[in-house]
2 protein chains.
Amino acid sequence: MAIRKLTFDEIFSRQPGLEELKTLRRVPLYALIQNIRSMHNVGSIFRTSDGVRLKHLFLTGFTPTPPRKEIDKTALGATDSVPWSYEKDGTKILRQLKKKEINLVVVEHTNKSIPYTDVNYEFPMCLIMGNEVEGISQEIIKQADVAVDIPMLGMKQSLNVSVAYGIIIYHILSRYLENNTNVLQSK
Amino acid sequence: MAIRKLTFDEIFSRQPGLEELKTLRRVPLYALIQNIRSMHNVGSIFRTSDGVRLKHLFLTGFTPTPPRKEIDKTALGATDSVPWSYEKDGTKILRQLKKKEINLVVVEHTNKSIPYTDVNYEFPMCLIMGNEVEGISQEIIKQADVAVDIPMLGMKQSLNVSVAYGIIIYHILSRYLENNTNVLQSK
């Protein structure tokens, strides 16, 4: 099987530029992160959000916001391509989203959590994740429509937050694309 | 919907300890990483590998190996729970795996790459990923049975390597668990 690696030029030519991206349809997928401490994680979440063409990223609580050198180091430009805003009080954002009938999916170990692969996601929706150690606050959990978690088959009880975000948001994207291939055809 | 966050004790009590983990059946899923430069990424890949109860992690090329403080900082103990070994020459490992009829799946932008969600994964298999910037070497690509990539809908052409690893390996795990729920029943 003759597999040939693409050149950097070939790879870059497939991606839209910043101006073109603004004209493309976005996936009806929001995300809200609360009290993420690590700028590395925030930058990585921006980069992944660019990958799924997220509609909007809400930074809340004490989550650091761009521009910060340490965020840019992992975001690599995605702070410009992902629509985002900051609001200290995450519950306020969620009340607004609820009014717009946006489904709220929280990632947390709860008494009602179901594996993220077992959910029939409805769009538009917002994925919610919290602090690296403490997780999400109880006030936010109370507002959620559904709580999901990731099967942990080893001895650790959780993954790095930016990895967990990638796993779940890309899974949700794949479910969305099953019925909405036109998003991919835009470029 | 009364969702209650689990306590740390409740969460920890669900996970097997290191000794118990050794007695549990492992997923027939291997991974090989080549020339990963960042110890943060290596640690994160260990932590995710613990989560999927990976059979074995092969570190190759100039990938740093445990024990290193910067790896432990993100692996958080997973360097003890994930079986791993180091071999400079990754092609040698892949020849051995091929003899054992283990399917080789490389993550790379190639002329033959298909989206990672469109593959009918066959087990046992080994997932292969390369350097943060250069990707995987052409020698390794030549040995692969199939090349996959991740849909990139934004302006960036790739994700952080440890996030990409998480997305793909957890997707493969979910496919495996569809027909092998007994792995989950072991605890």
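Nothing here was measured: the structure is a model prediction, and the numbers come from that model.

Asker: Hey, could you go over the overall build of chain A for me, with residue numbers and the actual values?
Answerer: When you go through chain A residue by residue, the secondary structure sums to eight helices and seven strands. Against the globule reference of 16 Å for 187 residues, chain A gives a C-alpha radius of gyration of 17 Å, in line with a compact fold. Its C-alpha atoms put chain A at 50 × 40 × 35 Å along the principal axes. Sorting the 187 residues of chain A into buried and exposed places 48% on the buried side. If you take every contact in chain A between residues at least 6 apart in sequence, the share linking residues at least 24 apart comes to 79%.

Asker: An account of the interface of chain B and chain A is requested, with residue identities and associated values reported.
Answerer: Residue-level contacts link 52 residues of chain B with 52 residues of chain A. Counting only elements with at least two residues in the side of chain B that touches chain A, the list comes to α1 (8-13), α2 (18-23), α3 (39-51), α5 (78-81), α7 (138-143) and α8 (161-179) of chain B. Sort the elements by how many residues they give to the side of chain B that touches chain A and α8(B) lands first, with six residues.

Asker: Can you lay out the nonpolar core for me, pointing to particular residues and giving the numbers?
Answerer: With 108 residues, the main nonpolar core has A:Cys126, A:Leu127, A:Ile128, B:Cys126, B:Leu127 and B:Ile128 as its most contacted residues. For A:Leu127, the contacting residues outside a window of four places in its chain are A:Ala31, A:Val105, A:Val107, A:Ile168, A:Ile169 and A:Ile172.

Asker: Before we move on, can you summarise the relation of the copies chain B and chain A with the specific residues and values?
Answerer: Least-squares fitting of chain B to chain A yields an RMSD of 0.0 Å, with the transformation described by 0.0 Å of translation along the axis and a rotation of 180°. These values place the two chain copies in the arrangement generated by a two-fold rotation axis. A shared binding surface is used by both copies, with 100% of the interface residues of chain B retained as interface residues in chain A.

Asker: Could you give an account of the environment of A:Ala144, with specific residues and numbers?
Answerer: Along the chain, A:Ala144 turns up in the loop between α7 (138-143) and β7 (146-149). Exposure remark for A:Ala144: the 22 C-beta atoms within 10 Å place this residue in the buried category. In this structure the C-alpha to C-alpha distance between A:Ala144 and A:Val107, which are 37 residues apart in sequence, comes to 9.7 Å. The residues touching A:Ala144, leaving out its near neighbours within four places in the chain, are A:Leu104, A:Val105, A:Val106, A:Ile128 and B:Ile3.

Asker: Outline the sheet that holds strand β3 (residues 84-87) of chain B, supporting the account with residue identities and numerical values.
Answerer: Residue and element names in this part refer to chain B. Taken in spatial order, the seven strands of this open sheet run β3-β2-β1-β6-β4-β7-β5, and their pairing is parallel. Here the strands that pair on one side only, and so sit at the sheet edges, are β3 and β5 (114-115). Relative to β3, strand β2 (residues 56-60) runs parallel, the two sharing four bridges. Following the sheet pairing, Phe 58 is matched in β3 by Ser 85.

Asker: Give me the lowdown on the sheet that holds strand β4 (residues 103-107) of chain A, citing residues and values where you can.
Answerer: Residue and element names in this part refer to chain A. The seven strands are arranged β3-β2-β1-β6-β4-β7-β5 in an open sheet whose pairing can be described as parallel. At either end of the open sheet lies a strand with only one pairing partner, and these are β3 (84-87) and β5 (114-115). Packed onto the sheet, helix α8 (residues 161-179) meets β1 (29-34), β4, β6 (125-129) and β7 and runs at close to 165° relative to β6.

Asker: Go over the environment of B:Glu134 with me, naming the residues and quoting the values.
Answerer: All names here are of chain B. When you line up the elements, Glu 134 lands in the loop between β6 (125-129) and α7. Classification of Glu 134 by C-beta neighbours within 10 Å gives exposed; the count is 12. Residues Glu 134 and Glu 108, spaced 26 residues apart in sequence, show a C-alpha to C-alpha distance of 9.9 Å.

Asker: So what about helix α6 (residues 90-99) of chain B? Which residues, and what values?
Answerer: Residue and element names in this part refer to chain B. By the burial criterion, the buried members of α6 are Gly 90, Ile 93, Leu 94 and Leu 97. Along α6, the residues classed as buried sweep out an arc of 95° about the axis, all on the same side. Relative to its buried face, α6 has exposed residues pointing more than 90 degrees away, namely Lys 92, Arg 95, Gln 96 and Lys 99. Contacts from the buried residues of α6 go to β1 (29-34), β2, β3, β4 (103-107), β6 and α7. Among the residues trailing α6, Glu 101 stands out with phi positive, at a value near 60°.

Asker: Describe in detail α3(B), supporting the description with residues and values.
Answerer: Given 3.6 residues to a turn, an α-helix orients residues that are three or four positions apart in the same direction. All names here are of chain B. Between its terminal C-alpha atoms α3 stretches 19 Å, which fits the 18 Å expected from 13 residues at 1.5 Å a residue. Along α3, the positions that sit buried rather than exposed are Met 39, Asn 41, Val 42, Gly 43, Ser 44, Ile 45, Phe 46, Arg 47, Thr 48, Ser 49, Asp 50 and Gly 51. Immediately downstream of α3, the backbone of Arg 53 shows phi near 50°, a positive value.

Asker: Requested: an account of unusual backbone geometry, with residues and values cited.
Answerer: Residue and element names in this part refer to chain A. With an omega of 0°, the peptide bond between Phe 123 and Pro 124 qualifies as cis. Examined against the element boundaries, Pro 124 turns out to sit in the loop between β5 and β6. Here the phi dihedral of Arg 53 falls at roughly 50°; this positive angle occurs in a residue that is not glycine. The exposure class assigned to Arg 53 is buried, which follows from the 24 C-beta atoms found within 10 Å. For Glu 101, which is not a glycine, the phi torsion comes out positive at approximately 60°.

Cut-offs applied
- Residues numbered from 1 in each chain as written.
- Chains lettered and ligands numbered in written order.
- Predicted model: local features only at pLDDT ≥ 70, side-chain atom pairs only at ≥ 80, totals over all residues.
- Helix = DSSP H or I, 4+ residues; strand = E, 2+ residues; numbered from the N terminus.
- Rg over C-alpha atoms; globule rule 2.2 N^0.38 Å.
- Buried ≥ 20, exposed ≤ 12 C-beta atoms within 10 Å, placed from the backbone.
- Contact = placed C-beta atoms within 7 Å.
- Core = buried A, V, L, I, M, F, W, Y, C linked by C-beta atoms within 7 Å.
- Least-squares fit on C-alpha atoms with pLDDT ≥ 70 in both.
- Pairing = 2+ DSSP bridges.
- Axes fitted to C-alpha atoms, helices over the stretch in contact; angles between N-to-C directions.
- Arc of directions from axis to C-beta.
- Expected span 1.5 Å × (residues − 1).

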